[in-house]
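Structure at a glance
For reference, the chains in residue letters:
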Amino acid sequence: MANTVLDTPATEGSLVGKAIKEALFTGVMTLGLFLLYIGFRTDQDISNTPIVYGRPGLLAIFVAIAAVGRFLMVVFVQPLLKARKEAKAAAVVQDREATFFKKHILKFALVALIFYPPVIVSLYGFQGSLKFVDNFGIQILIYVMLAWGLNIVVGLAGLLDLGYVAFYAVGAYSYALLSSYYGLSFWVLLPISGILAAFWGMILGFPVLRLRGDYLAIVTLAFGEIIRLVLINWTDVTKGTFGVSSIPKATLFGIPFDASPNGFAKMFGLPMSSAYYKIFLFYLILVLCLITAYVTIRLRRMPVGRAWEALREDEIACRSLGINTVTTKLTAFSIGAMFGGFAGSFFAARQGFVSPESFVFMESAVILAIVVLGGMGSLTGIAVAAIVMTGGTELLREMEFLKHFFGPDFTPELYRMLLFGLAMVVVMILKPRGFVGSREPSAFLREKKAVSGSFTKEGHG
Amino acid sequence: MIMKVSDSMTSPEDILSVEHLSMRFGGLMAINDLSFTARRGEITALIGPNGAGKTTVFNCITGFYKPTMGMIRMTRQNGEEHLLERLPDFIITRDAKVARTFQNIRLFSGLTVLENLLVAQHNKLMRASGYTLLGLLGSPIYKREAKKAIEKAAHWLERADLLDRADDPAGDLSYGAQRRLEIARAMCTDPELLCLDEPAAGLNPKESLALNTLLRSIRDEGTSLLLIEHDMSVVMEISDHVVVLEYGQKISDGTPEHVKNDPKVIAAYLGVDDDEVDEAISEVESLDGGQGA
Ligand SMILES: Nc1ncnc2c1ncn2[C@@H]1O[C@H](COP(=O)(O)OP(=O)(O)OP(=O)(O)O)[C@@H](O)[C@H]1O
Ligand SMILES: [Mg+2]
């Protein structure tokens, strides 16, 4: 159907006529499709006899949405897309002019992030800022960090890892257990968690990295589940599904965030509030994210980083150039795991509680979705995708007003996976390489030119 | 595997000697008891009809296949001997200094032309960057080596006539340019033996001529070449020594002149029946006093 529209010359009259025709057709199709699913609802009464209600109103809404949607699609969206495509083909050169904004956008973003907590506090007060700093700030930044960590494995080295959350779990439990059993502080355990996660990355990587493509994906998925099952069943140490609670908080150079006389609030003569700790955590995760980004950017320009990307492009060619692909993959795996471990120990310090529930496969899937949506390999794109995906979830939680439309039982965040699925399909159609599809070369001779996404590969291993 | 030069079978000018090499895929003998040598400082061509097993020989030499039987000995300039059939592929390039290109080009298409050549210098740069650690800390040694690596890449780009494409993605190059880039990339690993699998395939006559010049200059600078080629004009023009394969066996071995006039080779290329070959051979032998075959 789409093609017929694109082929006709778009005179306004014929377009609208065509659109009405297609809208009617779509409406009829929708009616046929949903007549039984939506049009009727079956139930049972006390004596278990079925009752059938008709739901003509709801059916009408579905049909109307489909028909109007098709109409808008044909009249507005398709011509727009077509025009955009043509404009893109014509104006490759104009790209240069946008570079000032592009060049400085990262600095703007960083400044905005640094000033985010004070601005929010001044707008909403300490108590009101909690939600924004915690749910919208820290939560998103954790995912940014996780996705940047996974990006090393998936985006750069092209190794499809479906069990990344395992390393997040290793980091979180390392902090939770070592701090509650041995009383070690956050600052000691942060690097230890990262190292332990990297170590597990190696342990997993060694046998697994001989596999490629789908096989690798399945085994990493299994590894993620194994870690979770161990956490559930090793009850003596991990307390199983109950999880580890009252994990000590992180401290600021030894100053605890509590109500004690040498706590943060008392020390600076401030009124008690839990917001200080959140704001502190916000800056902490921001710094961790920046370290991740910095290391990733530096590594990309090192021989290992280049070897990772070469591995993604063609493993056999790598071997023909004398590159030891096993150690190269292992480094990617363990460095990615290390960042997962850092994020995990931060997560434990923030929640004060960890349980296996936080490390289900869904988390791996969301992190991977962020990497793919953002554009594999691109830090900026991934950050944007993390904001969209995680921020989107939080926004859905906020949409209380939807209850007026759909009744008090309606919980919008239950629909987030549906919406994400939809959003992903749309993004992948419009931007198959993710938000930022091009890659920046790691070295140049005369002029730095971005490499279009159509040349890069996703990797097979 | 490094050994001392002591074996009487090989002379110092043999850079590669293949002895009784066999490769079996299931029921198919892709190579059957093949022995030949490639001499240092020469271009040795490996020719034969489609499916003769030429690429399989390359894959055995460069470690991508483990031969069913036989020995492949690489003698480096400094006297080190490597038994290639026992080494993993990446060590063959790294330590035995044998580099290769592929029949179906294998570039890193999403990396730029320059990056392709930098990846080829991985091992040297890895060492210079202290296995990444010193490099991350901004060590001056690494900076110097990285600069040298770019200079070396630029040198090979110039030789391959790709200098003005240095910052373009490799996948964006024309077919002929991709072939040249693959050769330049292999040369960046500092090989002593360069194995090229049909480098002239798909090139136009002008590009083919430029390739001949490039290959000759590589040879003259001390890198020996082993070359698979179908284009007889290239083979006859530049090779010093030709080995002819058919059905995994050597049917002729000698100078281009010799091979060109070998009735077995003519028969193999023209598709004459076996008994007719024997006839043809005996005819030729009776003519020039049995110095054929
Ligand atoms: N990995 C493999 N598995 C099974 N058979 C193989 C394999 N590789 C090669 N062969 C077979 O070995 C024989 C020789 O193949 P090879 O590719 O070496 O020929 P070639 O001389 O390079 O031919 P061409 O000139 O067409 O490139 C062919 O019959 C091929 O089908
Ligand atoms: Mg071949």
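Cut-offs and rules
- Residues numbered from 1 in each chain as written.
- Chains lettered and ligands numbered in written order.
- Predicted model: local features only at pLDDT ≥ 70, side-chain atom pairs only at ≥ 80, totals over all residues.
- Heavy atoms only, no water.
- Helix = DSSP H or I, 4+ residues; strand = E, 2+ residues; numbered from the N terminus.
- Areas by Shrake-Rupley, 256 points an atom, 1.4 Å probe, with all protein chains shown as cover.
- Buried < 20%, exposed > 50% of the residue type's maximum accessible area, 1.4 Å probe, protein only.
- Contact = heavy atoms within 4.5 Å.
- Donors = N, O, S within 2.8 Å, 3.2 Å for Na, K, Ca; no water.
- Pairing = 2+ DSSP bridges.
- Axes fitted to C-alpha atoms, helices over the stretch in contact; angles between N-to-C directions.
- Parallel < 35°, antiparallel > 145°, perpendicular 65-115°, else oblique.
- Nonpolar A, V, L, I, M, F, W, Y, C, P; charged D, E, K, R; others polar.
- pLDDT = per-residue confidence, 0-100.
- Buried area = accessible area lost by both parts, 1.4 Å probe.
- Salt bridge = Lys/Arg side-chain N within 4 Å of Asp/Glu carboxyl O.
- Phe/Tyr/Trp six-rings, centres within 6.5 Å; stacked < 30°, edge-to-face > 60°.
- Lys NZ or Arg CZ within 6 Å of the ring centre and 35° of its normal.
- Near = heavy atom within 4 Å.
- Polar contact = N/O pair within 3.5 Å; in protein donor to acceptor, adjacent residues only side chain to side chain.
- Left-handed = near helix turned anticlockwise from the far one by under 90°.
- 1 Å grid on protein atoms, 1.4 Å probe; cavity = no way out; pocket = protein on both sides within 12 Å on 5 of 7 lines; lining within 4 Å.
- Points joined across faces, edges and corners; volume = space filled by probe spheres on them.

A short note on the overall build of chain A
Helix and strand counts for chain A stand at 17 helices and two strands. Surface summary for chain A: the accessible area is close to 23700 Å², and the carbon and sulfur share equals 71%.

Quick look at the overall build of chain B
For chain B, the count of helices and strands is twelve helices and eleven strands. Scored against the burial criterion, the 293 residues of chain B give a buried share of 55%. For chain B, contacts bridging at least 24 residues in sequence account for 65% of all contacts bridging at least 6.

Comments concerning the coordination of the magnesium ion (ligand 2)
Residue and element names in this part refer to chain B. For the magnesium ion (ligand 2), the full set of protein donor atoms is T55 (OG1) and Q103 (OE1), at a range of 1.8 to 2.1 Å. Taken together, the positions of T55 in helix α1 (residues 54-61) and Q103 in the loop between β7 (98-100) and α3 (113-119) put the pair 48 residues apart, joining distant regions of the chain. Classification of Q103 as partly exposed rests on a relative accessible area of 35%.

So, the sheet that holds strand β10 (residues 241-246) of chain B
Residue and element names in this part refer to chain B. Ordered in space as β7-β8-β9-β4-β10-β11, the six strands form an open sheet in which the pairing is mixed. Whereas interior strands pair on both sides, the edge strands pair on one side only; in this sheet they are β7 and β11 (249-254). Within this sheet the neighbouring strands show an average axis-to-axis angle of 15°, counted without direction. Its contacts with the sheet put helix α7 (residues 175-187) on β7 and β8 (193-197), and the angle it makes with β8 is roughly 160°.

Thoughts on the packing of helix α5 (residues 165-182) of chain A against helix α7 (residues 213-233) of chain A
Residues and elements named next belong to chain A. Axis separation between α5 and α7 bottoms out at 8 Å; the angle between their running directions is 30°. By the angle between their directions, the pair α5 and α7 is classed as roughly parallel. Counting all contacts with α5, which are made through A166, F167, A169, V170 and Y173, the residues of α7 involved are F223, G224, I227 and L231. Among the residues making up the contact of α5 with α7, the classes are represented as eight nonpolar, one polar and no charged.

Some remarks on the confidence of the model for chain A
Of the residues in chain A, 89% reach a pLDDT of 70 or more, and the chain-wide mean stands at 82. Scored below 50 in pLDDT, residues 1-10 of chain A shows 15 contacts in the model against residues more than four places distant or in partner chains.

Things to note about the interface of chain B and chain A
Listed as interface residues are 42 residues of chain B and, on the opposing side, 35 residues of chain A. When the buried area of chain B at its contact with chain A is split by residue, F90(B), F108(B) and D167(B) rank highest and sum to 17% of it. If you look at where chain B meets chain A, you find three salt bridges. Contributions of two or more residues to the side of chain B that touches chain A are made by α2 (89-94), α3, α4 (122-128), α5 (133-136) and α6 (140-159) of chain B. Of the residues belonging to the side of chain B that touches chain A, the class tally is 20 nonpolar, twelve polar and ten charged.

Re the pattern of salt bridges
Residue and element names in this part refer to chain B. Under the criterion given, the structure shown has 28 salt bridges over all chains. The partner of E145 in a salt bridge is K148, with the nearest N and O atoms 3.4 Å apart. With E145 and K148 both in helix α6, this residue pair falls three residues apart, about one helical turn. Given the relative accessible area of 18%, E145 is considered buried. In this structure, the salt-bridge partner of R219 is D240, at a minimum N-O distance of 3.1 Å. Of this pair, R219 sits in helix α8 (residues 205-220) while D240 sits in the loop between α9 (232-238) and β10, and the two are 21 residues apart along the sequence.

Examining the packing of aromatic side chains
Centre-to-centre distance and the angle between the planes together describe a pair of aromatic rings. Enumeration over the complete set of coordinates arrives at 16 aromatic pairs over all chains. On the numbers, 5.9 Å between centres and 40° between planes, the contact of F167(A) with F223(A) is tilted. One end of the pair, F167(A), is in helix α5; the other, F223(A), is in helix α7, and 56 residues separate them in sequence. Aromatic ring contacts, followed pair by pair, group Y164(A), F167(A), F223(A) and F333(A) into a single cluster. We note R106(B) situated over the ring of F102(B); from NZ or CZ to the ring centre the distance is 5.6 Å. Sitting over the face of the ring of F108(B), R185(B) holds its NZ or CZ atom 4.8 Å from the ring centroid.

Some thoughts on the environment of I152(A)
Residue and element names in this part refer to chain A. Position of I152 relative to the elements: it lies in helix α4 (residues 99-156). Considered as a pair, I152 and E309 are 157 residues apart in the sequence and their alpha carbons are 9.5 Å apart. Among all residues touching I152, those that are not within four sequence positions of it are A157, T296, W308, A332, I335, G336 and F339.

What to know about the site of ligand 1
All names here are of chain B. Inspection of the region around ligand 1 gives 14 residues, with N50, K54, T55, T56 and Q103 positioned closest. At 2.6 Å from an oxygen atom of ligand 1 is found a side-chain nitrogen or oxygen belonging to T55. Coverage of ligand 1 by the protein chains reaches 65% of its 630 Å² of free accessible surface. When contributions to the shell around ligand 1 are tallied by element, the ones reaching two or more residues are β3 (28-39) and α1.

Some words on the packing of α5(A) against helix α13 (residues 325-351) of chain A
Residue and element names in this part refer to chain A. For the pair α5 and α13, interaxial distance at closest approach is 6 Å and the crossing angle is 45°. Between α5 and α13, the angle is such that the two are oblique. Remark: the crossing between α5 and α13 carries right-handed chirality. Touching F167, Y168, G171, A172 and Y175 of α5 are F333, A337, G340, G341, A343, G344, S345, F347, A348 and A349, all from α13. Classifying every residue of the contact of α5 with α13 by side-chain character gives ten nonpolar, five polar and no charged.

Overview of the environment of E85(B)
Residue and element names in this part refer to chain B. The residue E85 is located in the loop between β6 (81-83) and α2 in this model. Aside from chain neighbours lying at most four places away, what touches E85 is K66, P67, G70, M71 and I72. Among the polar contacts listed, one links the side chain of E85 to the backbone nitrogen of I72, at a separation of 2.9 Å.

Quick look at the side chain of R350(A)
Residue and element names in this part refer to chain A. Tracing the chain through its elements places R350 in helix α13. Polar side-chain contacts of R350 include one of 3.4 Å to the side chain of Q351. Discounting residues that sit within four places of it in the chain, R350 has contacts with D134, I138, Q139, I142, K278 and L281.

A look at the confidence of the model for chain B
Residue and element names in this part refer to chain B. Per-residue confidence for chain B gives a mean pLDDT of 84, with 88% of residues at or over 70. Confidence drops under a pLDDT of 50 for residues 3-10, and excluding neighbours within four residues, the segment shows 14 contacts in the predicted structure. Note on residues 289-293: pLDDT under 50 across the span, and four contacts to partners over four residues away in sequence or across chains.

Remarks on the layout of surface pockets
Empty space within the second largest pocket amounts to approximately 650 Å³. Forming the walls of the second largest pocket are 25 residues, and the residues nearest its centre are V304(A), T331(A), M126(B), Y131(B) and T132(B). Mapped by element, the contributors of at least two residues to the lining of the second largest pocket are α10 (275-300) and α13 of chain A together with α4 and α5 of chain B. Taken together, the residues of the lining of the second largest pocket break down into 14 nonpolar, nine polar and two charged.

A few points about the environment of F346(A)
All names here are of chain A. Within the element layout of this structure, F346 appears in helix α13. Sequence spacing of F346 and G183 is 163 residues, and the spatial spacing of their C-alpha atoms is 16 Å. Apart from residues lying up to four places away in sequence, F346 is in contact with I138, I142, F186, L281, L284, I285 and L288.

Some remarks on the side chain of Q121(B)
Inspection of the secondary structure assignment puts Q121(B) in the loop between α3 and α4. Residues within four places of Q121(B) in sequence aside, it is in contact with A149(B), K152(B), A153(B) and C188(B).

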